[in-house]
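Residues per chain are reported as follows:
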Amino acid sequence: MTSIKHVGVVGAGQMGRGITEVCARAGLRVTLCDVSEDRARAGLTGVADSLLRAERHGVIGPERRAHALSGISVTADLSRLAEADLVIEAAVEDEHAKAELFRQLDKAVTNPSAVLASNTSSIPIARLAAVTGRPQAVVGLHFFNPVPVMPLVEVIPSIHTSSATEQRVRSFAAETLGKKTIVTQDRAGFVVNSLLIPYLLAAVRMVSSGTATAEDIDTGMTAGCAHPMGPLRLADLIGLDTVAAIGEALYEEYREPLYAPPPLLRRMVESGLLGRKSGQGFFDYQAA
């Protein structure tokens, strides 16, 4: 197995920025790619701000912050990822969009030993691998938000993924990035979201039915079950559009009603009430 020194991250949103940051902190060369230079540069600005906060809180020193930033480049051109050792897709949680991106990456990444990974939180990896000419080198590498803080990475090999690819990315996540890893079968939702999403959707249904307010539901779980965050604030943090998309993927896979996004969640997403990232979800973040 060749070592991973150059990582490409495709998608400069919240997750892509976090993945870029942890890779850069680990001393790796990172190329952050998005559909436009402006979006990629906005992603880099987000990484820089996060690194500055980490320095202010004593998590990293100024030299490490400067070194991490110096290792990041941005682009809108997938061909800049040609020689990357690992490319992590962190695009929108939509199967068709991700599949099309993997088709493009398969052509753009010419390094014969490169691994193509998806940060999908719910889509089966085999479906993404099937559109490439190197399904043995495609794997799921699911980080959690916020990436610099959350210790877990789910490693998801598909039926096509070689054991060498699986071991390579697991060693990368554990040894290079210092993350705790678990390996899960390639089924929609994997481990964490298969358990988490029904819980979040149940809380949404409780709001919709008038069982209790969002505030009281969250207080019930933080003060009554010692959860660090209530289900509705957590849904807002994840993004209500992402929660709905994961629910749809789980429902498509299993056809269990508990996975189906409730009408209230659908209406909120359709109305642009997406949680923290839009400033309003089940709670108001505009004054925060």
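Everything in this summary refers to the structure shown in the same document. (Residues numbered from 1 in each chain as written. Predicted model: local features only at pLDDT ≥ 70, side-chain atom pairs only at ≥ 80, totals over all residues. Heavy atoms only, no water.)

**Details of the overall build of the protein**
The helix and strand tally for the protein stands at 11 helices and 8 strands. Relative to the 2.2 N^0.38 estimate, which gives 19 Å for 288 residues, the radius of gyration of the protein is 19 Å and therefore close to what a compact globule would have. Across its three principal axes, the protein shows a C-alpha extent of roughly 55 × 45 × 35 Å. In the protein, the share of contacts with a sequence separation of at least 24, taken over all contacts with a separation of at least 6, comes to 67%. A total of about 13100 Å² of accessible surface is found on the protein, and carbon and sulfur atoms cover 53% of it. Side-chain charges of the protein comprise 28 positive and 31 negative groups, with the mean position of each set lying 3 Å from the other. (Helix = DSSP H or I, 4+ residues; strand = E, 2+ residues; numbered from the N terminus. Rg over C-alpha atoms; globule rule 2.2 N^0.38 Å. Contact = heavy atoms within 4.5 Å. Areas by Shrake-Rupley, 256 points an atom, 1.4 Å probe, with all protein chains shown as cover. Lys, Arg positive; Asp, Glu negative; His and termini not counted. Charge placed at Lys NZ, Arg CZ, Asp CG, Glu CD.)

**Side note on the environment of histidine 96**
Tracing the backbone shows histidine 96 in helix H4 (residues 95-108). Residue classification places histidine 96 among the exposed positions, given a relative accessible area of 66%. Residues histidine 96 and leucine 128, 32 residues apart in the sequence, show an inter-C-alpha distance of 9.2 Å. (Buried < 20%, exposed > 50% of the residue type's maximum accessible area, 1.4 Å probe, protein only.)

**Quick look at the packing of helix H7 (residues 192-209) against helix H10 (residues 240-254)**
Helix-helix packing is characterised by the crossing angle of the two axes and by the distance between the axes. One can describe the packing of H7 onto H10 by two numbers: an axis separation of 10 Å at closest approach and a directional angle of 115 degrees. The pairing of H7 with H10 is recorded here as roughly perpendicular in orientation. Like other packed secondary-structure pairs, H7 and H10 cross with a definite hand, here left-handed. Contacts between H7 and H10 pair Asn193, Ser194, Ile197, Leu200 and Leu201 from the former with Val243, Ile246, Gly247, Leu250 and Tyr254 from the latter. Classifying every residue of the contact of H7 with H10 by side-chain character gives 7 nonpolar, 3 polar and no charged. (Axes fitted to C-alpha atoms, helices over the stretch in contact; angles between N-to-C directions. Parallel < 35°, antiparallel > 145°, perpendicular 65-115°, else oblique. Left-handed = near helix turned anticlockwise from the far one by under 90°. Nonpolar A, V, L, I, M, F, W, Y, C, P; charged D, E, K, R; others polar.)

**A short note on the packing of aromatic side chains**
Tallied over the entire structure, the rule returns 1 aromatic pair. For the pair tyrosine 254 and tyrosine 259, a centre-to-centre distance of 5.4 Å together with 35 degrees between the ring planes defines the contact as tilted. Overall, the relative accessible area of 28% leaves tyrosine 254 in the partly exposed class. A relative accessible area of 11% means that tyrosine 259 is categorised as buried. (Phe/Tyr/Trp six-rings, centres within 6.5 Å; stacked < 30°, edge-to-face > 60°.)

**Some remarks on unusual backbone geometry**
The residue after asparagine 145, namely proline 146, is reached through a cis peptide bond having omega -5 degrees. Topologically, proline 146 is positioned in the loop between strand E6 (138-143) and strand E7 (152-157). Of note in the backbone geometry, phenylalanine 190 takes a positive phi value of approximately 55 degrees without being a glycine. Secondary-structure assignment places phenylalanine 190 in the loop between strand E8 (180-183) and H7. A residue is classified by how much of its surface remains accessible, and phenylalanine 190, at 6% relative accessible area, is buried. With a phi close to 55 degrees, arginine 255 is a non-glycine residue in the positive phi region. Inspection of the secondary structure puts arginine 255 in the loop between H10 and helix H11 (263-270).

**Remarks on the pattern of salt bridges**
Scanning all chains against the criterion turns up 15 salt bridges. For arginine 41, the salt bridge identified is with glutamate 37, shortest N-O distance 3.9 Å. Taken together, the residues span about one helical turn, with arginine 41 and glutamate 37 both in helix H2 (residues 37-56) at a distance of 4 residues. Judged by its relative accessible area of 34%, glutamate 37 is partly exposed. (Salt bridge = Lys/Arg side-chain N within 4 Å of Asp/Glu carboxyl O.)

**Comments concerning helix H1 (residues 14-25)**
Working note: α-helix, 3.6 residues per turn, so residues spaced by three or four point in the same direction. With 12 residues, H1 should reach 16 Å at 1.5 Å per residue; the first-to-last C-alpha distance of 17 Å fits that figure. A large share of H1 lies buried, amounting to 10 of its 12 residues. Residues Met15, Gly16, Gly18, Ile19, Thr20, Glu21, Val22, Cys23, Ala24 and Arg25 constitute the buried set of H1. Note on H1: the residue one or two positions beyond its end, glycine 27, has a positive phi of about 85 degrees. (Expected span 1.5 Å × (residues − 1).)

**As for the sheet that holds E7**
In space, the 8 strands of this open sheet follow the order E3-E2-E1-E4-E5-E6-E7-E8, with mixed pairing throughout. Strands at the two margins of the open sheet, each flanked by one partner only, are strand E3 (72-75) and E8. On average, each strand axis in the sheet is tilted by 25 degrees relative to the strand beside it, whichever way the strands run. The pairing of strand E4 (residues 86-89) with strand E5 (residues 115-118) spans 4 bridges and is classified as parallel. When the bridges of E5 are listed, isoleucine 88 appears paired with alanine 117. On top of the sheet, H2 reaches strand E2 (29-33) and E3; it is set at about 155 degrees to E3, its chief contact. (Pairing = 2+ DSSP bridges.)

**Overview of the pairing of E6**
For E6, a buried count of 6 out of 6 residues is recorded, marking the element as mostly surrounded by other parts of the structure. Taking every second residue as pointing to the same face, both faces of E6 are buried, with Val138, Gly140 and His142 on one and Val139, Leu141 and Phe143 on the other. Two strands pair when backbone bridges link them, and E6 and E7 are joined in this way by 5 bridges, in the antiparallel orientation. Residue pairing for E7: valine 139 is matched across the bridge by proline 157.

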